[in-house]
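Listed here are the chains, written in short residue letters.
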Amino acid sequence: MDLEGKRIVVVGGSRGLGRGLAEAFAVRAAEVTVVARNAAAVQGPGEQPAVTAISADATDVDAAWRIMEQTRPDLVIMNAGAEPPMERIDRIGWEAFTTNWNVDVKAALHWVQAALTLPMTPGGLVVLVSSGAAVQGSPLSGGYAGAKRAQWFIAKYAEGLSAELGLGLRFRVIVPRQMFAGTGVGDTGIAAYAAAAGRTFAEHAATWPDMTPRDFGDMVADLIGRTGLAGAMVYAVRGDTGVTVIE
Ligand SMILES: NC(=O)c1ccc[n+]([C@@H]2O[C@H](COP(=O)([O-])OP(=O)(O)OC[C@H]3O[C@@H](n4cnc5c(N)ncnc54)[C@H](OP(=O)(O)O)[C@@H]3O)[C@@H](O)[C@H]2O)c1
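Computed from a prediction, not measured in an experiment: that's the story for all the values here.

Caption draft 1: Examining the pairing of strand S1 (residues 7-11) more closely. Counting buried positions along S1 gives four out of five residues, so the element sits mostly inside the fold. Two elements, S1 and strand S2 (residues 31-36), share five bridges in a ladder whose sense is parallel. Bridge pairing in S2 places valine 11 opposite valine 35. The parallel pair S1 and S2 is bridged by helix H1 (residues 16-27), and the resulting crossover is right-handed. Here S1 pairs with strand S4 (residues 75-78) via four bridges, running parallel. Directly across from valine 11, in S4, lies its bridge partner methionine 78.

This is how it looks when you write it as structure tokens:
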């Protein structure tokens, strides 16, 4: 998939891993639109990616449809997610437990539904950003791991429906299989697991491969540019092992 000139929407692209993705696609000459509740943050300090910014809540079904209609993307990356409330299973309340279901899963459902129903132009690709927690669990983050695994099922069901309806769309999952210091979800997780292990934040962050959000964005953009994600359904991305196929 040649990324040059492709219309790419990065939902949750103003900060963290999403910003790394938006920068990586922008330098590959794609036409990038970033969606975030405060999309203006993408023009903050550091390198200024050449992107169009739209402020919207990704969990708002009307916004998903409106932006998909307006941008007519070739590729949508649904990366938006909430920082999970970090609490043990014996202490967490239902409201906190379901935080990532009400943001990450809800947003994934609405954007996938818009892709299937508008529908996106044949050849379109929708990528959901999940988490390594979906593979091995995350005992300190309540319903987070289950929510990130539910995104795999949404992608698989949508893939099946696209084939059944002859839509020619692909739905895939990228699993960042490590924690990234300097991101919202990463810093939240690192701080909680560091405290539980009696380590400092820096000591715990150092147990993960050294990888920046931009490194992550470059790895994903190269993978999509090289393969179009045609070969598998779920891919893991990690600083030391690179890209591996999960299924
Ligand atoms: N960081 C990690 O270590 C790590 C590891 C594994 C998986 N992940 C997954 O990777 C994704 C990104 O994580 P991150 O740590 O990079 O996140 P982050 O730094 O907290 O940034 C989240 C991004 O999503 C946007 N966002 C959040 N809620 C939104 C909503 N309701 N509507 C629209 N945009 C919304 C934020 O902008 P606004 O706040 O302005 O809306 C921001 O652009 C998440 O799905 C996370 O579960 C992260």
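After that view of the structure, there is still more to cover.
Caption draft 2: Examining the site of the ligand more closely. Close contacts around the ligand come from 29 residues, with Ser14, Arg15, Leu17, Tyr144 and Thr183 the closest. Aspartate 57 places a polar side-chain atom, nitrogen or oxygen, 2.9 Å from a nitrogen atom of the ligand. Contact distances for the ligand include 2.7 Å between a nitrogen atom and a side-chain N or O atom of threonine 183. With the chains in place, 96% of the 890 Å² that the ligand exposes on its own is no longer accessible. Looking at the shell around the ligand, the elements that each hand over two or more residues are H1, helix H6 (144-165) and helix H7 (184-197). Broken down by element, the shell around the ligand gets its largest block of residues, three residues, from H7. Taken together, the residues that form the shell around the ligand break down as eleven nonpolar, 13 polar and five charged.

Criteria and thresholds
Residues numbered from 1 in each chain as written. Predicted model: local features only at pLDDT ≥ 70, side-chain atom pairs only at ≥ 80, totals over all residues. Heavy atoms only, no water. Buried < 20%, exposed > 50% of the residue type's maximum accessible area, 1.4 Å probe, protein only. Helix = DSSP H or I, 4+ residues; strand = E, 2+ residues; numbered from the N terminus. Pairing = 2+ DSSP bridges. Right-handed = clockwise from strand over helix to strand, strands pointing away. Near = heavy atom within 4 Å. Polar contact = N/O pair within 3.5 Å; in protein donor to acceptor, adjacent residues only side chain to side chain. Areas by Shrake-Rupley, 256 points an atom, 1.4 Å probe, with all protein chains shown as cover. Nonpolar A, V, L, I, M, F, W, Y, C, P; charged D, E, K, R; others polar.

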